[in-house]
Amino acid sequence: MDYFSKSRVEAFSDGVFAIIVTLLVLEIKVPHLVQAESVRELGEALVSLLPKISSWVISFLIVCVIWVNHHRILDQIERVTHSFFWLNALLLLWCSFIPFPTALMGDYLSNPLAAFMFGFVLAMMALTFSFIRWYALRNKLVLKPEIDLVQFRQATIRSVVFGPVFYLIGGILAFVHPWVSMSIYACIPLYFILYNSTR
């Protein structure tokens, strides 16, 4: 059953991604100064914003990678079925929640639970992405007939390793040190950016 045209699903998804990247930066507030002319006070306030800025940059890159991968998936799709639509909606659900753990980690970076929550939410997002790929792989009417199924299957396996697994590892390592998690979270989008730039 064709639930929606692919163009409508893609347009709706693009709109959601655009809103998400906007919401991410809204969590970074201009600091309030007791002495507006104090360079030192402003400098200290800006330094205190570094955790929030770091978590924002990481999340922004992650959402951009999600958008690129989402576009590539839809480009390989022949038709959007009922199940594919709702799997896509589940992906957007997790993506739209990303601003919350981003803000949480930025405000409470020294708290390992905050960094773990970020990894958990991103792992659930990435797992949903893998479900979408597996669904498309197992339903031949969904993929375009010219798609190489061997390559698509290999890419699906890679998506599991470099998605939910690494995000969960990053979340667990938050209890070793939150900055270890931040480093792993930053490396995941960089991998996809560098890997895809060489293809």
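Quick summary incoming for the structure in this document. (Residues numbered from 1 in each chain as written. Predicted model: local features only at pLDDT ≥ 70, side-chain atom pairs only at ≥ 80, totals over all residues. Heavy atoms only, no water.)

Quick word on helix α1 (residues 6–26)
With 21 residues, α1 should cover 30 Å at 1.5 Å per step; its first-to-last C-alpha distance of 31 Å lies within 8% of that length. In the core, the buried residues of α1 are packed alongside α3 (50–75), α4 (82–97) and α5 (99–107). (Helix = DSSP H or I, 4+ residues; strand = E, 2+ residues; numbered from the N terminus. Expected span 1.5 Å × (residues − 1). Contact = heavy atoms within 4.5 Å.)

Topic: the packing of aromatic side chains
Per the stated rule, a full pass over the model turns up eight aromatic pairs. Seen in terms of ring centroids, Phe 85 and Trp 86 are 5.0 Å apart; in terms of plane orientation they differ by 85°. Their pairing is edge-to-face. Three or more aromatic residues joined by ring pairs form one cluster here, namely Phe 116, Phe 120 and Phe 175. One Lys or Arg, Arg 133, reaches over the ring of Phe 152 and ends 4.3 Å from the middle of that ring. (Phe/Tyr/Trp six-rings, centres within 6.5 Å; stacked < 30°, edge-to-face > 60°. Lys NZ or Arg CZ within 6 Å of the ring centre and 35° of its normal.)

Description of the packing of α3 against helix α6 (residues 112–138)
The interhelical angle for the contact between α3 and α6, taken along N-to-C directions, is 5°, at an axis separation of 12 Å. If you check the angle between α3 and α6, you find them roughly parallel. Only Phe 118, Leu 122, Met 125, Phe 129, Ile 132 and Arg 133 of α6 make contact with α3, whose side of the interface consists of Ile 58, Ser 59, Ile 62, Ile 66, Asn 69, His 70 and Ile 73. For the contact of α3 with α6, the per-class residue count stands at nine nonpolar, three polar and one charged. (Axes fitted to C-alpha atoms, helices over the stretch in contact; angles between N-to-C directions. Parallel < 35°, antiparallel > 145°, perpendicular 65-115°, else oblique. Nonpolar A, V, L, I, M, F, W, Y, C, P; charged D, E, K, R; others polar.)

A word on the side chain of Thr 156
With respect to the helices, strands and loops of the structure, Thr 156 is situated in helix α7 (residues 149–172). Residue classification places Thr 156 among the buried residues on the basis of a relative accessible area of 0%. Not counting chain neighbours up to four residues away, the residues in contact with Thr 156 comprise Ser 130, Arg 133 and Trp 134. (Buried < 20%, exposed > 50% of the residue type's maximum accessible area, 1.4 Å probe, protein only.)

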